[in-house]
Structure formats: C-alpha cells, structure tokens
Amino acid sequence: MEERNVKTNVPMPDVVLQCLMPYIHDPRDRASISLVCRRWNQIDAMTRKRVTIAMCYSTTPQRLRRRFRNLESLKLKGKPRAAMFNLIPEDWGGYVTPWVNEIAKSFDCLKAVHFRRMIVKDSDIELLARSRGQQLESLRLDKCCGFSSDGLFHIGRFCRRLKTLFIEESLLIYERDGEWLHELAMNNTALETLNFYQTDITRVRFEDLELMARNCRSLVSVKISDSEFLGLVNFFRTASMLEEFGGGSFNEEAERYNVVSFPPKICRLAIPYVEKDKISIVNPVASSLKKLDLLYSLLDTEDHCLLIQRCPNLEVLECRDVIGDRGLEVLAQCCRRLRRLRIERGADDQGMEDEEGLVSQRGLMALAQGCLELEYLAVYVSDITNLSLEYVGTYLKNLCDFRLVLLDREAVIRDLPLDNGVRALLRGCQKLIRFALYLRSGGLSDIGLKYVGQYSENVRWMLLGYVGQTDEGLLEFSKGCPSLQTLEMRACNFSERALAAAVMRLPSLRYLWVQGYGASTTGNDLLAMARPFWNIELIPPRQIVIDNQNGQEVVDEQPAHIIAYYSLAGPRTDFPATVRPLQPQHP
Amino acid sequence: MSRAMVELDFFRAEKYRSSSKSFDRRRSFRDLQSAISKMKPELLKSLIESGSSTPKQDPTPVPPLPLYSPTNPKSSSSSESAACSQTAPLTIFYNGTVSIFDVPKDKAENILKLAMENSGEDSSKSPVSSCERRRFIHNLASDLPMARTLSLQRFLEKRKERLIGAMPYGGSKAYAFRDWKN
C-alpha cells in the first residue's frame, strides 16, 4: 500500500490557482488575495478583470498597466462628489487624457470604460474609439464635461460592437448636429443601452432613434434628453424589446397623447415634465413597473398617491419630496417590494410645490414598517424625530445605504438632538455601508457624533453635515469607524487641528473632503496629518457669481475645501489656479 | 421716549457687501426665522438669563463701540424690571443673513460682550464660557447654504420658465428633436 506523505507545506500549483481566481469577483476579496504572497499577487494581477479607481490621482496609468495588464473593465472617478452640487471649480481636474493614452497603447483586453466626473475632450474620445473601437462594448461618460457632439461622432464611426453608450448628465461644450446618433444607428447592431438623459442634446432626429430600434434588436434601455413625447410614437412601435425608457417632455394637449403606447416589456420609466392630465399614459404598464423616476415630473402629492397605488411591483422609486407623508404611507401599503427609494429636495419656494409636499417622521415611520426590503434610502425631510430613526433601525434590516438631510424649512425641530435615534438606527442596520447625515446646528451633539463612530462598524462612506458641537465630538468619532474609507464633511466647523488628529486616527481612511471648517489662512495646523503617500490639497475660499432662484446674479461666498487622499503618484502635476497643494516645508 | 438702534456688524459683513457685484438681501420670513433658529436655543436662553441676573457678576464692563448708542438716560436709573421691559431692536447682519431681535439694553450688552470675546483673541477665561463661545462660533461661522444637485437645479429653472411662459408652448425644448411633426 502506498503511503501518502501529506506534507503540510505543499504549495498549490499555479495552474489550480489560475483556475480558481477568475471565480473570485469581489474586489475586496481580490485585494486580500493579492496580499497573501508574491505569487498570489502575480496571479491576481494576471487574472483581474475589473478595476475601479475611486480617485484618479491615487495612482498612474503606468502603474495600472504594470499591474493589471489584462484588464477588461476600468472605472475611474475624478472630481470630488461635491462637484455634483456645483461646489467644485469646473477646471479642478480629473483629465482622462493620460488614461486614454495608456489604454490606446497597452490594454488589449479592455472592453468597458467608465469615466465618472472627469474631463473628457473630443480628442480623447477619438483616440479611444480609433484604438479600441473594435473591442469596446461599453463606454460611460458619466457626469463628464469637456467634449462635444464631434467627439460622439467618432463613437458611432468606430465602435461597431458597442452595447452600452451612456453619457447621462454630461455637459457638452458644443452640439453641432445630430450626426453622431445617425452614425451610430447606421453602423451598430449590437446596442443594448443608449443614454443621453439629462443632457442638453437637442439636434438629434427621431428617425435616427427609429433606425436604431430597427437595427439593434437587443435594444432594451433608451434614455434621451428633452423632446416632444409625441415624436416617440413610432420609436415605441419599433423598439419592441424595450424594457427601460426615460426622457421626453409634454407640450401638447392631453388628448393627443392617447396615441402613445409603450412597448410591451417596459418596466422602468423616467418621465420628466409629465403632468396630472398626461400621467395616464403610464396606466397600461403601471402594474409591470419595477422602476419609476418622477424626479423631474410636474405631479402633486395626490398624483403621486394615485400613481403609486397602480404600481405594486415597484422596486425602485425616485421622486421629490412632493410625494409627501401621504405618498409614503401609500408606498408602504402598496409597494412591499421596494428596494431603493430616493426622495430629493423640491423647490424651496412653497408656491411652486404642493402644500402637502413635505416629508417628515410620519412618512418615515410608515415607510419603515411597510417596505421591509429597502436596501437604499435617501430622503430630504422637513421634520424628524428620534423615534422615526429608531423605527428605521428596527424594521429596515436590509439597509445598506441610508442618507438623511434635514431641510431648513421648519424654523424649529422639536426633537433635537438626534443622538438616540441615530444610535438606534446604526445599531439596528447592521448591513449599513454608506451613511449620510446632514442636519442643522444642534442636530447632533458631541455624544451623538461619538455614537456614530461607535456603531458604524461596516460603514465605508460617510457624509456628515452640521453634526457635533466641538472638536471633542470629532475626536471621539475618530476613535471608531473602523471601516471608514471616505469621509465628507460640510459645515461642521471643526478646527484644523482636530481634523488632522481625526484623520490620523481613522484606520481605514483613504479620502477626505471637508468644506466649512475652522479654516486658517495658512492651513498649517493641517500639516499634523502630513505623512508619506498622503496628498493634501486646498481649494481656498472663492467668490463666484451665480444666479439665485429669482434669476438675479448674486455673489456666492464659497468657503475653503480640504481634499486629502492616499496616492502612489505623488502630488498632482496639473493643478489649476483654484487648487493648491499643502506640503510641509522641507528643511 | 426714543428707541435706540443697536447695530452690530459681526465679522465685518460690510466688507463683503461693498466689494460684491450685487447682494441679494431679499429674504423671506422663513429665512429670517431660520437664521434666528440657527442660534442655539440654550445660548439665547443663557443670554436672557444672564441678562436678568445682577450686573455685579459681570466683572468687565462693556467698552463703548462707535455704533452703540445708549438708551434713554432715564431708564438707567429706573428699576431693573423697567430696564428689562424697555426693549430696542437689535439688528445683526451676518454673512448675508439679517436677524432682528427686540432686546433690552442689558441683554444687548451681553450679546455685544460675547461677540467681542469671540472676535478678539481666543482667551481661555473660563472653561464653561469658552465652550459656549465655540458653540456660538460654530453656529454662525458654519452657516453654509445647502447645496442642490445640478440636475435638480436645472429642472427647477426650466420648470419656472415653462410656468412663466418664456418658452413657446410652455416647453423649454418644444422644438427639440427636429421636425417631430414631420
């Protein structure tokens, strides 16, 4: 009989590892695997298919190429998230050019590119399309700026296998014509997703949409910019596979829209500018709807209630707070499968929105008890209580992402501070990974802020606004938050010294954004957080001219920002005038 | 009986106004209320309480400011309750907000004193008051208006345009997507 000596230190053959690795997709698992030993690091590097670089200045294209040569999917993020709120200078940075140059040279397997909040020029798009057009299946220019319709033309011309073209919310510098869409429609038969929603594109033709629908039989998702809905009738007839549609607007009398008929499989809708008398076009498909976007609709509270009642299969809803507490109560009764709910801030001027259009603890409590499947909840409230937050913690056990913003519509919020409610919520929602709390003065005491630190074990991203009272609160907070990677803070007015101390204490922190703090002219106290591989940048206070809600030009005082992040690339080399690095003076 | 107007220019808001192109001071009542509400209630309460306490507890008298006009000399010799009841409007301009309070002279003096302590060097006179002071700074200095997402901002502007009827057919892009009528 053969004796088998089972040695305890027999290494796993590389071949086995290489077979196993591709089945491991989670990026954090991959990150752990790559740290085991050099061999595992190399095998992970060879087999890694998708990489997300959350801060484009944290590394260089060359480093990416050296490590992950066989990348199939790359996602890059540039400007701080605050750019979505118009707080970041437009020329802040996040240029894709160096990345596209490297992609053109080196990444032979790349099929999917996603740039978010970055500056993209026509020449970048052209280079990408020419060099990788044959293999590119997905291109997302997500909230980007700097390109024109000329750049888009190259996509139509060279990217014939493209399945996804997504440029939602991008800011075009110039729109020459609609030829880019015509080119895409003529050359492409693979397209599944086309999205230029929330852009100012106007010069495209309905005929080209129809052509695309004829040629691309896999077209399942189309979201376009504002256009008369009646012009889409033919398109809907042709695009019979369509599951998702967004865009359009309604400028004619209600009866004319009787001819509108959505394709049979439609289950995700986003309809801007739809009013009470036209919303009935949704009725035939309402019971199939899984996703509904009413953010830019012109409906009142009652309209929301009536519509929601028709959508028992709703899983995702986005709307403004015009939905009101009553709408949330209806939601809680009718939409038990709801997974994601985002309630945005309507107009401040009460004359513009329904009187009932306010969300408070009443709606929140009903929602918590009714929609137990919720994973994502973001809500702007006009009033709040500790009890309602306790309800969230008690009932919404699947919550991964919770964001609460307290509007300043009500002069007095009786149940502040929210210390106990926040604690109950964090203790109850064990799966929470993202957390945002934007309150007002007195909203959360130092003790409450300490609770946030204590009870947010798995939270990786946080936005805190108007929380805490003194530096003590921040320092106590920083003793906790073991998983916190990204911290955004606004209007908390902590001192530079406290901020630096907190950063040094938070073990997982890799990205910090702060605006509205005890800023000094030099920023020297921040140098207490100076350390290798940690870039510290300041955007000094600015005065910018903006239009206020009355259409007048006013001067907006923008206080200083701190942006700090880990980087293997050293300090940036492309600072605009509005951004300056903070570096310790070397002797 | 003249009512004295005490005008405080906290943190030199005048400087911003004179250098700016235009300054929107039109505020709704709601905004005024919210500006007032942003002052910590305990602080206001403590000011009111300290105002009604005996003046002897206050070691350092309030040095005269150029803008501060004392009230009618008659009231200083009257009883404390009379002084308390004779209020004057206290207007605070700060960072684009305007708050108006009707306060008696002694309370106004306390507010002035607090402001001067804050705007002067950071003194650690007493632990309790420095904590209060920091909270006070916290409330005012971090009064950042809430930002809105660009997409929502654009939508709200377009909606206004439609209502005003600035665009034909009430639509902002009524003729987008050329020749939809064929």
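What counts and what doesn't
- Residues numbered from 1 in each chain as written.
- Chains lettered and ligands numbered in written order.
- Predicted model: local features only at pLDDT ≥ 70, side-chain atom pairs only at ≥ 80, totals over all residues.
- Heavy atoms only, no water.
- Helix = DSSP H or I, 4+ residues; strand = E, 2+ residues; numbered from the N terminus.
- Contact = heavy atoms within 4.5 Å.
- Areas by Shrake-Rupley, 256 points an atom, 1.4 Å probe, with all protein chains shown as cover.
- Phe/Tyr/Trp six-rings, centres within 6.5 Å; stacked < 30°, edge-to-face > 60°.
- Lys NZ or Arg CZ within 6 Å of the ring centre and 35° of its normal.
- UniProt positions renumbered as here; feature names shortened; annotations may be inferred.
- pLDDT = per-residue confidence, 0-100.
- Core = buried A, V, L, I, M, F, W, Y, C linked by side-chain atoms within 4.5 Å.
- Buried < 20%, exposed > 50% of the residue type's maximum accessible area, 1.4 Å probe, protein only.
- Salt bridge = Lys/Arg side-chain N within 4 Å of Asp/Glu carboxyl O.
- Arc of directions from axis to C-beta.
- Patch = residues over 30% accessible without salt bridge, like charges linked within 9 Å, V, L, I, M, F, W, Y side chains within 5 Å.
- Axes fitted to C-alpha atoms, helices over the stretch in contact; angles between N-to-C directions.
- Parallel < 35°, antiparallel > 145°, perpendicular 65-115°, else oblique.
- Left-handed = near helix turned anticlockwise from the far one by under 90°.
- Nonpolar A, V, L, I, M, F, W, Y, C, P; charged D, E, K, R; others polar.
- Pairing = 2+ DSSP bridges.

**Q** How would you sum up the overall build of chain B? Please name residues and give values.
**A** Helices and strands together make up the secondary structure of chain B, namely eight helices and three strands. For chain B, the N- to C-terminal ordering of α and β elements is β-α-α-α-α-α-β-β-α-α-α. Contacts in chain B between residues at least 24 apart in sequence constitute 64% of all its contacts with a sequence separation of at least 6. Surface summary for chain B: the accessible area is close to 10900 Å², and the carbon and sulfur share equals 57%.

**Q** Tell me what's going on with the packing of aromatic side chains, and back it up with residues and numbers.
**A** All names here are of chain A. Under the counting rule described, the total for this entry stands at 19 aromatic pairs over all chains. Ring geometry for phenylalanine 236 against phenylalanine 245: centres 4.9 Å apart, planes inclined by 85°, an arrangement best described as edge-to-face. Ring-pair connections join several aromatic residues into one group, and the members of that group are Phe229, Phe235, Phe236, Phe245, Phe250, Tyr257 and Phe262. Against the face of tyrosine 376 rests arginine 340, its NZ or CZ located 4.2 Å from the ring centre. Positioned above the aromatic ring of tryptophan 534 is the side chain of arginine 531, whose terminal nitrogen or guanidinium carbon lies 4.3 Å from the ring centre.

**Q** Help me get a handle on the UniProt feature "domain: Transport inhibitor response" (unreviewed entry) in chain A, residues and values and all.
**A** Sites flagged by UniProt as "domain: Transport inhibitor response" (unreviewed entry) map to residues 70-115 of chain A. Along residues 70-115 of chain A the backbone is 22% helical and 20% strand, and the end-to-end C-alpha distance reaches 19 Å.

**Q** Account for the confidence of the model for chain B, naming residues and giving values.
**A** Residue and element names in this part refer to chain B. Of the residues in chain B, 26% reach a pLDDT of 70 or more, and the chain-wide mean stands at 55. Within chain B, no element has a lower average pLDDT than helix H4 (residues 73-77), which sits at 38, and none a higher one than helix H8 (residues 150-164), at 88. Of the two predicted TM-score estimates for the complex, the pTM is 0.79 and the ipTM is 0.90.

**Q** Hey, could you go over the nonpolar core for me, with residue numbers and the actual values?
**A** By size, the foremost hydrophobic cluster in this structure holds 177 residues, and its most contacted members are A:Phe115, A:Phe229, A:Phe235, A:Phe245, A:Leu317, A:Phe435 and A:Phe477. When near neighbours in sequence (up to four residues on either side) are disregarded, A:Phe245 contacts A:Val222, A:Lys223, A:Ile224, A:Phe229, A:Leu232, A:Phe235, A:Phe236, A:Ile266, A:Arg268, A:Leu269 and A:Ala270. Listed in part, the nine residues of the second largest apolar core include A:Ala270, A:Tyr296, A:Ala347 and B:Leu156.

**Q** Which residues make up the pattern of salt bridges, and what are the values?
**A** Side chains carrying opposite charge are able to pair once their charged atoms draw close together. Residue and element names in this part refer to chain A. In total, this model carries 37 salt bridges over all chains according to the counting rule given. Across the salt bridge formed by aspartate 321 and arginine 409, the nearest N and O atoms sit 3.0 Å from each other. On the criterion of sequence distance, the pair formed by aspartate 321 in the loop between strand S11 (316-320) and helix H12 (324-334) and arginine 409 in the loop between strand S14 (401-406) and helix H15 (419-428) is long-range, its members being 88 residues apart. Pair check on accessibility: aspartate 321 and arginine 409 agree, each one buried. Among the salt bridges present, the one from aspartate 401 reaches arginine 403, with a minimum N-O distance of 2.8 Å. A single burial state applies to aspartate 401 and to arginine 403, both of which are buried. The network of salt bridges with common partners includes Arg30, Asp44, Arg48 and Arg67.

**Q** How would you sum up helix H6 (residues 122-132) of chain A? Please name residues and give values.
**A** Taken together, the buried positions of H6(A) are occupied by A:Asp122, A:Asp124, A:Ile125, A:Leu128, A:Ala129 and A:Arg132. Along the long axis of H6(A), the arc covered by the buried residues comes to 160°, so they all point the same way.

**Q** Describe helix H3 (residues 38-47) of chain A, with residues and values.
**A** Every buried residue of H3(A) is listed here: A:Ile43, A:Asp44, A:Ala45 and A:Thr47. Lining the buried residues of H3(A) we find helix H1 (14-20), helix H2 (27-33) and helix H4 (61-67) of chain A.

**Q** I'd like a rundown of a nonpolar patch on the surface, residues and numbers included.
**A** Together, A:Met12, A:Val15, A:Val16 and A:Leu20 give the surface a local cluster of nonpolar side chains, amounting to about 330 Å² of exposed area. Locating A:Met12 in the fold gives a position in the segment before H1.

**Q** Which residues make up the UniProt feature "domain: COI1 F-box" (unreviewed entry) in chain A, and what values do they have?
**A** UniProt's entry tags residues 12-50 of chain A with the feature "domain: COI1 F-box" (unreviewed entry), counted in the numbering of this structure. Annotated as residues 12-50 of chain A, this span is 62% helix and 3% strand, and its ends, taken at the C-alpha atoms, are 25 Å apart.

**Q** So what about the packing of helix H8 (residues 179-187) of chain A against helix H9 (residues 206-215) of chain A? Which residues, and what values?
**A** Describing two packed helices takes the angle between their axes plus the distance from one axis to the other. Residue and element names in this part refer to chain A. Running from N to C, H8 and H9 cross one another at 20°; their axes reach a closest spacing of 8 Å. Classified by the angle their axes make, H8 and H9 are roughly parallel. Along this stretch, H8 crosses H9, giving a crossing that reads as left-handed. For the pair H8 and H9, the contacting residues are Leu181, His182, Leu184, Ala185 and Met186 in the first and Asp208, Leu209, Leu211, Met212 and Asn215 in the second. Looking at side-chain class alone, the contact of H8 with H9 contains seven nonpolar, two polar and one charged residues.

**Q** An account of the pairing of strand S13 (residues 376-381) of chain A is requested, with residue identities and associated values reported.
**A** All names here are of chain A. Burial analysis of S13 places six of its six residues in the buried class, which makes it a mostly covered element. Along S13, one buried face is formed by Tyr376, Ala378 and Tyr380 and the opposite face, lined by Leu377, Val379 and Val381, is buried too. In this sheet, S13 lies alongside strand S12 (residues 340-344) in parallel orientation, the contact comprising four bridges. Considered in S13, the bridge of arginine 342 is made with alanine 378.

**Q** Describe the environment of A:Pro61, naming the residues involved and giving the relevant values.
**A** Residues and elements named next belong to chain A. Residue position: proline 61 is located in helix H4. As for proline 61 and valine 100, which are separated by 39 residues in sequence, their C-alpha atoms are 8.7 Å apart. Beyond its immediate sequence surroundings of up to four residues, proline 61 is in contact with Pro98, Trp99 and Glu102.

**Q** Tell me about the packing of H6(A) against helix H7 (residues 149-158) of chain A, and name the residues and values.
**A** All names here are of chain A. Where H6 meets H7, the axes come as close as 8 Å, and the angle between the chain directions of the two elements is 5°. Taken as axis vectors, H6 and H7 run roughly parallel relative to one another. Along its contact with H6, which presents Asp122, Ile125, Glu126, Ala129 and Arg130, the element H7 presents Asp150, Gly151, His154, Ile155, Arg157 and Phe158. For the contact of H6 with H7, the residue count by class is four nonpolar, two polar and five charged.

**Q** Could you give me a rundown of the side chain of A:Asp419, with the residues and numbers involved?
**A** Mapped onto the elements, A:Asp419 comes out in helix H15. Once you skip the residues sitting within four places of it in the chain, A:Asp419 turns out to touch A:Asn386, A:Leu444, A:Ser445, A:Ile447, A:Gly448 and A:Tyr451.

**Q** Please give an account of unusual backbone geometry that cites residues and values.
**A** Residue and element names in this part refer to chain A. Cis geometry marks the peptide bond from leucine 416 to proline 417, where omega comes out at -5°. Turning to its location among the elements, proline 417 is positioned in the loop between S14 and H15. Phi angles above zero are rare outside glycine, and glutamate 169 is one such case at about 60°. For glutamate 169, the position within the fold is in the loop between strand S5 (164-166) and H8. The exposure class assigned to glutamate 169 is buried, which follows from its relative accessible area of 18%.

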